[in-house]
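# Structural overview for review
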Amino acid sequence: MVKLDSVVVGGGLAGLVAAIRVAERGRRVCLVAEGQGMLPLFAGPLAVWGAGTGIDAMAAALSPGHPYRVLGAAALRAALAFFRDLTRRAGLPYVGDAEANGWVPTPLGRRYPCRLLPERMAPPQGPAVLVQLPGFLDGVARRVRAALTGAEPVVELEADRGSQVGTGWDSDRWARFLDTAPGARWILERLGDRLPPGDTLLLPAVLGVEGHEALGRALEAASGRQVREWMGWPPSPPGARLRRALVGEAARLGVDLRWGVRATLSGGPHGIEGVTVVPKPAEGTRGVELRAETVVLATGGLPGGGLVVERDGSLLDRTLGRGLAGAGSRLRLFGETPFAAAPAFAAGYPIDGRARPVDASGRPLYPNLFAAGRAVGGYDGDREASGGGVALVTAFVAGGEA
Amino acid sequence: MRPPVHLTADACIKCTVCTTACPVTPHETGFAGPKFAGPELWRILDEGGAGDPDLEARLDGCLNCQLCQHACPHGVPVAHLIAWNRDRLKRTPPVLRDRLLGRPDRLGRMLAPARPLVGRVWGHPRARRAAARVMGLSPDRPLPLPVKPDLRAWFRAHRVERVLPVRSEPVTLYVDCQSGAFDPGPAVAAVRLLERLGYDVALSPPRPGCCGAAWVSAGRPSRAVALAQAGVGALAPAIASGGPILSLNSTCGPTVGLEWHRLLGIEGAAVLAERVMDLMTFLARRVTPQELRAVVPDRSGQRIAYHATCRMQGQGGGMAPEVLSAVGGTVVRLGIACCGMAGAYGNKAEHVATSLAVAQDAARRLARARAEGIRTVATDSGTCGWQLQLVSGLPTVHPVEALMAETSWGADPAPRA
Ligand SMILES: Cc1cc2nc3c(=O)[nH]c(=O)nc-3n(C[C@H](O)[C@H](O)[C@H](O)COP(=O)(O)OP(=O)(O)OC[C@H]3O[C@@H](n4cnc5c(N)ncnc54)[C@H](O)[C@@H]3O)c2cc1C
Ligand code: SF4
Ligand code: SF4
């Protein structure tokens, strides 16, 4: 049996941020995660509130169970400031205004609203030149122009004859190519000089994962321009960068990171008493017992694997072994028409002001259990464009309590 | 043969997280990638689809590193599906080279007496290239050759040395083919350590064998089934002893402990999940730091780098850092995803380019560690050790060899107060 101060279950945005916050408070914390969570698919910008209203006005207008309302405007502000500091330290600075939305161009030529975004994705200053990669699957530069003035020149890069570079590559494949030495050479040679006039080079978000800082700087030096990226589809290099930055920061702070293990929690009258972890493919075997004063549940709801749908359409939290109020049928759970609100994706635990999951009467399920991210219910991250913000503020509060 | 029924693609939501974790995808243009090669192809083949004829080649670059499987948020056994998909696509029996590499235990025994001759041929550039061409091996890579003495012979002749009082719990050391046929070093160190700690150690299986991991990695799990069945029989005394079965290799351990049952569907193998344990995990759980310090050299002021192999990452990352730092050392985690060696994969002529391309990440991190004064690297697999050594020039050892070594790991430039 291993004794710790705190265990965080889940290694997505919420779990990593919560663990970092616990470790910063000088506590011994172990993060256990079955998989990587949704960060490899995360588009990059931190969506807080799609509608663009300031934090106070937004919080006041929300339904009482919404996590922003429950945790309060001050907590959200503090969480955003915390995230800026954290990402700056980790070498992936997020910029933007906590009170109003900025934007980033989408592959469809729209402006995606977000509060904080990686510096590399901040809106271009001055006239831009767009870059089209050969064979790129995830968007067409000409289309992206609609988010700007529409008249920006487009530089079409070509692969060498007979070369396989780019053929059917998505963003992830490009980013990992550009992370290699031949990849970096490939793009630096093509975007050195002989470019149409403009202050900013705008590319899809593929400028590396491991080496994104160095490659971005090298490209700015080679082209003599500011380099910016537009948003892409999942799988998404900016999400992989964020994951890498957060994992690095967690490791630096001494968080004991354990990937590839599935956790189950056992509760008693005094709270969560143990966390059992087993290597993922060994489901059903005895596993290792961890003991901790507090536990953070950051298991990610349906997309992250924290909740599963049972045959009858009810939802099961595999980690606590608890059923969650479902929608009665699978059809209703996922929305009866393709774009209808789908209760499945808003499902999760209601929380109290200390981010503890509560039962129907508002009492904490366990005094030492906290929840963060998609494990929390009462909001619809996709429709509200609030997923990143809620993950952050819940993790910030849970990590401050656990 | 039909793969075990618990393998299922049904949990896959096609999110592509697995593909973002695959170390081969960025380096091999034709590679199908885990999402397709695993769950998607599984569904296609299950529904009677055949796929196009060159599909098998598009799956052949898979390392079986299982990083895709570890990354999946939905518990899809991606790498297990890929292994069986590859098997299901194979139309011809394996060629001679692959039959040899599929049984590393036998290969080691065959090479042992011929060692001087093989060493001479490989040392001669022209002869090496000719031999490599015939064998389908990479001429640029050092050939792993068996080291003396033979582990079982050493074990029969060795003198038990005790430091701590004798304990009642019996322990079994699982002899993988690396320890049994190529390099007994880690196993010798493990036996000496466990005996000093007061354990009675048995070696198992008593005769050389192979867990089947080599066939699984080569995309032919059906050929591993007979080996695993024989393995369960050979481990019967160890199972009956009631004690833990300790593994020195991060691939063989889960192959025996989990995959004989879950991947190969071997009867009687389920019980092994409770019993097979990585040696470092065993030490971290069952032995106190005080006891450890009583039996191995003090490492205060010394520093070592540690690579948790891809397969160790899937088991929670390994306990070697805890154990190595319990005796006073500073452990630098290298953070390499996969070294690209994958057993015999890195020696095969058609895979050596991918193997070395994947190793670039390791090479970069090791160069950085070296520049910061690291002199020794520990990792939980012998073949991965060869790869790390090849790309860094740094000596690579098993964590238990690091524990038992007489010599220093190298100074820690920043000893903690
Ligand atoms: C495809 C996609 C893209 C998105 N893009 C954006 C964006 O660009 N901007 C934005 O602001 N928001 C975005 N969001 C929304 C929001 O960011 C996510 O909701 C948020 O990342 C969820 O984080 P999480 O940590 O709660 O869950 P997840 O990232 O899903 O992590 C869950 C973790 O828990 C683990 N886990 C689950 N059960 C167990 C168990 N029993 N034991 C051990 N581990 C377990 C999983 O393996 C995983 O590590 C996106 C969401 C999705 C689905
Ligand atoms: S196997 Fe897992 S990670 Fe890969 S696409 Fe399916 S659900 Fe996603
Ligand atoms: S096992 Fe490794 S190499 Fe094979 S598909 Fe999965 S991640 Fe890629």
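Just so you know, these numbers come straight off a predicted model, no measurement behind them. In this convention, every chain numbers its residues from 1, walking through the sequence in written order. Both sets of labels track the order of writing: A upward for chains, 1 upward for ligands. Predicted model: local features are reported for residues with pLDDT of at least 70 only, side-chain atom pairs are reported and counted for 80 or more only, and whole-chain, interface and lining totals are derived from all residues. Just so you know, side-chain values use all the structure's heavy atoms and leave hydrogens and water out.

## A few points about the overall build of chain A
Secondary structure is summarised from DSSP: a helix means a run of H or I of at least four residues, a strand means a run of E of at least two, and numbering begins at the N terminus for each. Of the regular secondary structure elements, chain A holds 14 helices and 18 strands. With respect to the principal axes defined by its C-alpha atoms, chain A has extents near 70 × 45 × 40 Å. Per-residue burial over chain A gives 59% buried out of 402 residues. Contacts: residue pairs with any heavy atoms within 4.5 Å of one another. Taking all contacts inside chain A whose residues are at least 6 apart in sequence as the whole, residues at least 24 apart take part in 66%. Here chain A displays about 15600 Å² of accessible surface, and carbon together with sulfur accounts for 53% of that area. By the counting scheme adopted, Arg and Lys are positive, Glu and Asp are negative, and His together with the chain ends is not counted. The location of each charge is read from NZ of Lys, CZ of Arg, CG of Asp or CD of Glu. Of the charged side chains in chain A, 45 are positive and 39 negative; the average position of the first set lies 1 Å away from that of the second. Relative accessibility thresholds used throughout: buried, under 20% of the residue-type maximum; exposed, over 50%; partly exposed, between the two (1.4 Å probe, protein chains only). Residue burial considers only the protein chains on display, and all accessible areas are found by Shrake-Rupley using a 1.4 Å probe.

## Re the site of ligand 3
Nearness here has a simple test: a residue counts as near a molecule or strand if at least one of its heavy atoms is within 4 Å of that partner. Within the structure, ligand 3 sits among C22(B), P23(B), V24(B), F31(B), P34(B), C62(B), L63(B), N64(B), C65(B), Q66(B), C68(B) and I82(B). Considering only residue class, the shell around ligand 3 consists of 10 nonpolar, 2 polar and no charged. When residues are sorted by character, Ala, Val, Leu, Ile, Met, Phe, Trp, Tyr, Cys and Pro go into the nonpolar class, Asp, Glu, Lys and Arg into the charged class, and all the rest, Gly among them, into the polar class.

## Some remarks on the site of ligand 1
Residue and element names in this part refer to chain A. Lining the immediate surroundings of ligand 1 are 36 residues, of which G35, M38, P45, A47 and R374 lie closest. Contact between ligand 1 and G35: an oxygen atom at 2.7 Å from a main-chain N or O atom of the residue. Protein contacts shield 92% of the accessible area of ligand 1, which totals 1000 Å² for the unbound molecule. Every element with two or more residues in the shell around ligand 1 is listed here: α1 (13–24), β2 (29–33), β12 (261–268) and α14 (387–401). Broken down by class, the residue content of the shell around ligand 1 amounts to 15 nonpolar, 17 polar and 4 charged. The term polar contact refers here to a pair of N or O atoms within 3.5 Å; inside protein, the definition further demands a hydrogen-donor-capable atom paired with an acceptor-capable atom, and it admits residues adjacent in sequence only when both atoms are side-chain atoms.

## A word on the interface of chain B and chain A
Taken together, the contact between chain B and chain A spans 39 residues of the former and 35 residues of the latter. When two parts are put together, the accessible area they lose, computed with a 1.4 Å probe and summed over both, is reported as buried area. The junction of chain B with chain A conceals about 2800 Å² of combined surface from both sides, 51% of it contributed by carbon and sulfur atoms. For salt bridges, the criterion is a side-chain nitrogen of Lys or Arg within 4 Å of an Asp or Glu carboxyl oxygen. The shortest N-O distance in the salt bridge between E322(B) and R258(A) comes to 2.5 Å. The interface formed by chain B and chain A contains 10 residue pairs in polar contact (both at pLDDT 80 or more). If you list the elements that add at least two residues to the side of chain B that touches chain A, you get α1 (17–21), α4 (67–71), α15 (252–262), α16 (272–275) and α21 (352–371) of chain B. Here the side of chain B that touches chain A is composed, by residue class, of 13 nonpolar, 17 polar and 9 charged.

## Remarks on the packing of helix α7 (residues 104–123) of chain B against helix α8 (residues 125–135) of chain B
Residue and element names in this part refer to chain B. With axes taken as lines fitted to C-alpha atoms, and helix axes fitted only over the stretch in contact, angles between N-to-C directions fall between 0 and 180 degrees. Relative to each other, α7 and α8 sit at 105°, their axes nearing to 5 Å. If you check the angle between α7 and α8, you find them roughly perpendicular. Across the interface between the two elements, V121, W122 and G123 of α7 pack against P125, A127, R128, A131 and A132 of α8. Residue composition of the contact of α7 with α8, by class: 6 nonpolar, 1 polar and 1 charged. An angle below 35 degrees is treated as roughly parallel, one above 145 as roughly antiparallel, one from 65 to 115 as roughly perpendicular, and anything else as oblique.

## Section: the sheet that holds strand β7 (residues 377–379) of chain B
All names here are of chain B. Strands are labelled as partners when DSSP assigns at least two bridges between them. Judged by pairing direction, the sheet is parallel, and its 4 strands sit side by side in the order β6-β5-β7-β8 without closing on themselves. The outermost strands of the open sheet, each flanked by one partner alone, are β6 (330–333) and β8 (396–397). Alignment of β7 against β8, held across 2 bridges, turns out to be parallel. Counted as the bridge partner of A378 is V397 from β8.

## Considerations on the confidence of the model for chain B
Residue-level pLDDT values for chain B average 90, and 97% of them are 70 or greater. Model confidence for the complex: the whole-complex pTM is 0.85, and ipTM, which rates the interface, is 0.74. Every residue carries a pLDDT, the predictor's confidence in it, which falls somewhere between 0 and 100.

## What about the environment of G126(A)?
Residues and elements named next belong to chain A. Examined against the element boundaries, G126 turns out to sit in the loop between β6 (116–118) and β7 (128–132). The spacing of G126 and T200 is 74 residues in sequence and 6.8 Å in space, taken between C-alpha atoms. Leave out the neighbours within four places in its chain, and G126 touches D199 and T200.

## Examining the sheet that holds strand β4 (residues 276–278) of chain B
Residues and elements named next belong to chain B. Read across the open sheet, the 4 strands follow the order β2-β1-β3-β4; overall the sheet is parallel. Edge positions in the sheet fall to β2 (200–204) and β4, since each of these pairs with one other strand and no more. The sheet shows a mean angle of 35° between the axes of neighbouring strands, taken without regard to direction. For strand β1 (residues 170–174) and β2, the ladder comprises 5 bridges, and the chain directions are parallel. Each bridged residue has a counterpart across the sheet, and for P170 the counterpart in β2 is D200. Packed onto the sheet, helix α17 (residues 279–286) meets β1, β3 (245–247) and β4 and runs at close to 85° relative to β4.

## Some points on the domain arrangement of chain B
For the domain bounds, the source is a domain assignment made automatically or taken from a database. Taken domain by domain, chain B comprises domain 1 (17–89), domain 2 (96–135), domain 3 (151–283) and domain 4 (298–404). One C-alpha centre belongs to domain 1 of chain B, the other to domain 2 of chain B, and the line joining them spans 31 Å.

## Digging into the pairing of strand β11 (residues 256–259) of chain A
Residues and elements named next belong to chain A. Of the two faces of β11, the one holding D256 and R258 and the one holding L257 and W259 are both buried throughout. The pairing of β2 with β11 spans 4 bridges and is classified as parallel. Bridge pairing in β11 places C30 opposite D256.

## A look at unusual backbone geometry
Residues P234(A) and P235(A) are joined by a peptide bond in cis, for which omega reads -5°. Here the amide bond leading from S204(B) into P205(B) is cis, since omega sits at -5°, within 30 degrees of zero. Locating P205(B) in the fold gives a position in the loop between β2 and α12 (213–217). Even without being a glycine, Q66(B) presents a positive backbone phi close to 70°.

## What to know about the domain arrangement of chain A
All names here are of chain A. Segmenting chain A into domains produces domain 1 (2–99 + 240–401) and domain 2 (107–231). Its C-alpha centre places domain 1 at a distance of 33 Å from the equivalent point of domain 2. Between domain 1 and domain 2, the contact holds 26 residues from the first and 20 residues from the second. Taking both sides of the interface into account, the surface hidden between domain 1 and domain 2 amounts to around 1900 Å²; carbon and sulfur atoms contribute 58%. Per-residue buried area on domain 1 facing domain 2 is highest for V95, R241 and R244; these three make up 35% of the total on that side. Linking domain 1 to domain 2 there are 2 salt bridges. R244 is paired through a salt bridge with E210; the nearest N and O atoms lie 3.5 Å apart. Taken together, the links from domain 1 to domain 2 amount to 11 residue pairs in polar contact (both at pLDDT 80 or more).

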